[in-house]
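Structural features, examined
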Amino acid sequence: MAAPATSPTTTIRLRHHAKRATNLEPLCWGLAGIATLAVLLQFLPSSGAVDPAYFPPLTEVLGALGELARTSAFWQALGATLLGWSVGLSIAIVAGVGLGVIVASMPTVDRLLTSTIEFLRPIPSVALVPIAALLFGTTMQATLLLVVFASLWPVLLQVIYGVRDVDRVALDTARTYRFGTFRTVREVVWPSMMPYLIVGVRLAAAVALILEITGELVIGSPGLGKLIALAQSSAAVPMMYALVLVTAVLGVVVNVGTRLLEGRLLFWHASVRSEVR
Amino acid sequence: MKALRWTAVTFAVPVVLLCLWQLYAEISQNFYFPSPLSIAGVIPQTWLEGRLTDDVLPSLTRLVIGYVCALVIGIALGIFVGTFRRLRLFAEPVFELFRAIPPPVLVPIIMLFTGFGTGMQITVIAFGSVWPILINSIEGVRGIDLTQVDTAKSYRIGGLRRLLTVTIPSAGPKVFVGARQALSIAIIMMVISEMFASSNGIGFNIIQFQRLFQIKEMWSGIILLGIVGVVANIVFKLVERRMLRWYVGMQTLER
């Protein structure tokens, strides 16, 4: 792979140099992109290209955000959203892993449950909005039901794929060496399932956030979504944009956070190693 | 014999679950959980008389138009942006930011611009579901095998032909990953836009039934949405299998 003519030191220096250049360049271009977006958001409304009543300039939105940040209602809503999101996601992960391991390791259960899973999975989770609203009213549980239902499927499917992907030879080897069930799970099944599980958690985390805020928006359970619905009905346009901006930032944090987690936990795995290179 | 066993295995658990639900409903007489048979009983008069053309059809039309718009815009823009490295680096964080917005919060915003109606719903569906397609198309173009690009260059295959024979096929599998994520978002957006602000559609009706405590009708609407989801998924799989036949074949060869 490496050029044969260069001595080891120059190779290292070249690689070092290349790495620094590639590390900085995307960052610069990315920041330029975000800055352009910010400039557009600021000057499109004031130039009259779009109606400022519908689309306030960025400074006004940020001003509204500053005002929001001084109210305790905002922090309570943010807390409620985060709480609902994390509780729902945790339930989905625990249930998904448990059910997934059972389904994938027992062929009979697998064959019996496949059709049920295939029928339930594509049901749009928002279809449950009316049931949740009737059963729980405008409480956190109503939204929690949606979040768990929606984020269970990515975890469950990934765990099933992961357990199925376990190396047969490794399993047989474990059996030959008389590993117990616990040790087999810990040392053979778990490592091969991990990459799949983490992808499932990453997908589920994003879906859970969407459903959490959707539930708050439509059902009216406490959280950022409810504040957005309130801002909309009272025609507080800049405040609405400020809240949407907060949800976007939350989304980015969730995406980046789960990616980092993936890198941390799977540092040994080929998919991550090839990305870092 | 084999077919019989397949049928038995496939339908055993669903049938048992339905029976349990029926039994539970008969015994408990729970107002919120009517029995499956009584729900099935209200389906004809609820959905087949008038609502099929006044609500179901408009819903599905908006879904299809919005989703197709998202596909066209997402793939075209994704391939364009993905082809130029600096443009990709410039645009990707912005797209990621837009993707991170939970799509349902767009409903109140887009309502400001387009008002109340079909235009709003199509815009909401398209705007919500375009991001996964866009981002995955960019990824797909970026992941093209460099040997293929070099081969195409040395044979002087350029422009439109390279786009059609090299770029699009190798981005294909990734595009489908995005399109699948977008499909479920599109259905969610269809329902949400109708629940939030509409005067017809499946979602609008379900919310009406819930407010009027017409529980059986509400359940029948939920089941209808489930059917929409399952059918959309099956159609998607069929299209995917057809269009990615070469890829599936290649994967099985490599295994």
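The coordinates are above.
Here goes a summary of the coordinates provided.

Thresholds, definitions, all that
Residues numbered from 1 in each chain as written. Chains lettered and ligands numbered in written order. Predicted model: local features only at pLDDT ≥ 70, side-chain atom pairs only at ≥ 80, totals over all residues. Heavy atoms only, no water. Helix = DSSP H or I, 4+ residues; strand = E, 2+ residues; numbered from the N terminus. Rg over C-alpha atoms; globule rule 2.2 N^0.38 Å. Buried < 20%, exposed > 50% of the residue type's maximum accessible area, 1.4 Å probe, protein only. Axes fitted to C-alpha atoms, helices over the stretch in contact; angles between N-to-C directions. Parallel < 35°, antiparallel > 145°, perpendicular 65-115°, else oblique. Left-handed = near helix turned anticlockwise from the far one by under 90°. Contact = heavy atoms within 4.5 Å. Nonpolar A, V, L, I, M, F, W, Y, C, P; charged D, E, K, R; others polar. Buried area = accessible area lost by both parts, 1.4 Å probe. Salt bridge = Lys/Arg side-chain N within 4 Å of Asp/Glu carboxyl O. Phe/Tyr/Trp six-rings, centres within 6.5 Å; stacked < 30°, edge-to-face > 60°. Patch = residues over 30% accessible without salt bridge, like charges linked within 9 Å, V, L, I, M, F, W, Y side chains within 5 Å. Areas by Shrake-Rupley, 256 points an atom, 1.4 Å probe, with all protein chains shown as cover. Expected span 1.5 Å × (residues − 1). Bend = angle between axes of the 7 residues up to and from the residue.

With that settled, the discussion passes to the overall build of chain B. From N to C terminus, chain B includes eleven helices and zero strands. Helices (α) and strands (β) of chain B occur, in sequence order from the N terminus, as α-α-α-α-α-α-α-α-α-α-α. Its C-alpha radius of gyration of 23 Å places chain B more than 25% over the 18 Å reference for a compact globule of 255 residues. Dimensions of chain B along its principal axes, counting C-alpha atoms only, are 75 × 60 × 30 Å. Relative to its full complement of 255 residues, chain B shows a buried share of 46%.

All names here are of chain B. Across the interface, helix α8 (residues 159-196) lies against helix α9 (residues 202-211) with an axial gap of 7 Å and an inter-helix angle of 50 degrees. With respect to α9, the axis of α8 lies oblique. Crossing of α8 over α9 shows right-handed handedness. Facing Met190, Val191, Glu194 and Met195 of α8, the residues of α9 in contact are Ile202, Gly203, Phe204 and Ile207. Split into classes, the residues belonging to the contact of α8 with α9 amount to six nonpolar, one polar and one charged.

Glancing now at the interface of chain B and chain A. Residue-level contacts link 51 residues of chain B with 49 residues of chain A. Summing both partners gives a buried area of about 4,500 Å² for chain B against chain A, and 80% of it is carried by carbon and sulfur. One can count one salt bridge joining chain B with chain A. Breaking the side of chain B that touches chain A down by element, the ones donating at least two residues are α1 (2-28), α4 (85-100), α5 (106-114), α8, α9 and α10 (215-243) of chain B.

A few words on unusual backbone geometry. Of note in this structure, A:Ala235 is not a glycine but carries a positive phi near 55 degrees. Residue placement: A:Ala235 occurs in the loop between α9 (224-233) and α10 (237-265). Within the chain, B:Phe213 stands out as a residue other than glycine whose phi angle is a positive 55 degrees. Among the secondary structure elements, B:Phe213 is positioned in the loop between α9 and α10. For B:Phe213, a relative accessible area of 45% translates into the label partly exposed.

What follows deals with the packing of aromatic side chains. Residue and element names in this part refer to chain B. A full pass over the atoms with the stated rule returns 13 aromatic pairs over all chains. Taking the centre distance of 5.9 Å and the plane angle of 40 degrees together, the rings of Phe95 and Trp131 count as tilted. Of the two residues, Phe95 sits in helix α4 while Trp131 sits in helix α6 (residues 118-142), which places them 36 residues apart along the sequence. Side by side, Phe95 and Trp131 carry an identical accessibility label, which is buried. Pairwise contacts between aromatic rings join Phe95, Phe98, Phe127 and Trp131 into one cluster.

The next subject is a nonpolar patch on the surface. Residues B:Val64, B:Val68, B:Val72, B:Ile73, B:Leu77, B:Phe80 and B:Phe84 make up a contiguous nonpolar surface patch of roughly 630 Å² in combined accessible area. Relative to the elements of secondary structure, B:Leu77 occurs in helix α3 (residues 51-83).

Residue and element names in this part refer to chain B. With 25 residues, α6 should reach 36 Å at 1.5 Å per residue; the first-to-last C-alpha distance of 36 Å fits that figure. Where α6 bends most, the angle comes to about 35 degrees, and this point is Val130, followed within four residues by the proline Pro132. Counting buried residues in α6 gives 19 out of 25 residues, a clear majority hidden from the surface.

Before going further, it helps to examine the side chain of A:Thr214. Examined against the element boundaries, A:Thr214 turns out to sit in helix α8 (residues 181-218). Not counting the four nearest positions on each side in its chain, A:Thr214 is found in contact with A:Val126, A:Ile219, B:Pro104 and B:Ile192.

Moving on, we come to the pattern of salt bridges. Residue and element names in this part refer to chain A. One pass over the structure, following the stated rule, counts ten salt bridges over all chains. A salt bridge links Arg164 to Asp110, with the shortest nitrogen-to-oxygen separation between them at 2.9 Å. Of this pair, Arg164 sits in helix α6 (residues 140-164) while Asp110 sits in helix α4 (residues 107-120), and the two are 54 residues apart along the sequence. Overall, the relative accessible area of 15% leaves Asp110 in the buried class. Between Arg175 and Asp172 there is a salt bridge, with the nearest N and O atoms lying 3.6 Å from each other. You can see Arg175 and its partner Asp172 sitting in helix α7 (residues 168-176), three residues apart, about one turn around the helix. Take Arg175: its relative accessible area is 60%, and that puts it in the exposed class. In this structure Asp172 comes out as partly exposed when scored by relative accessible area, which is 42%.

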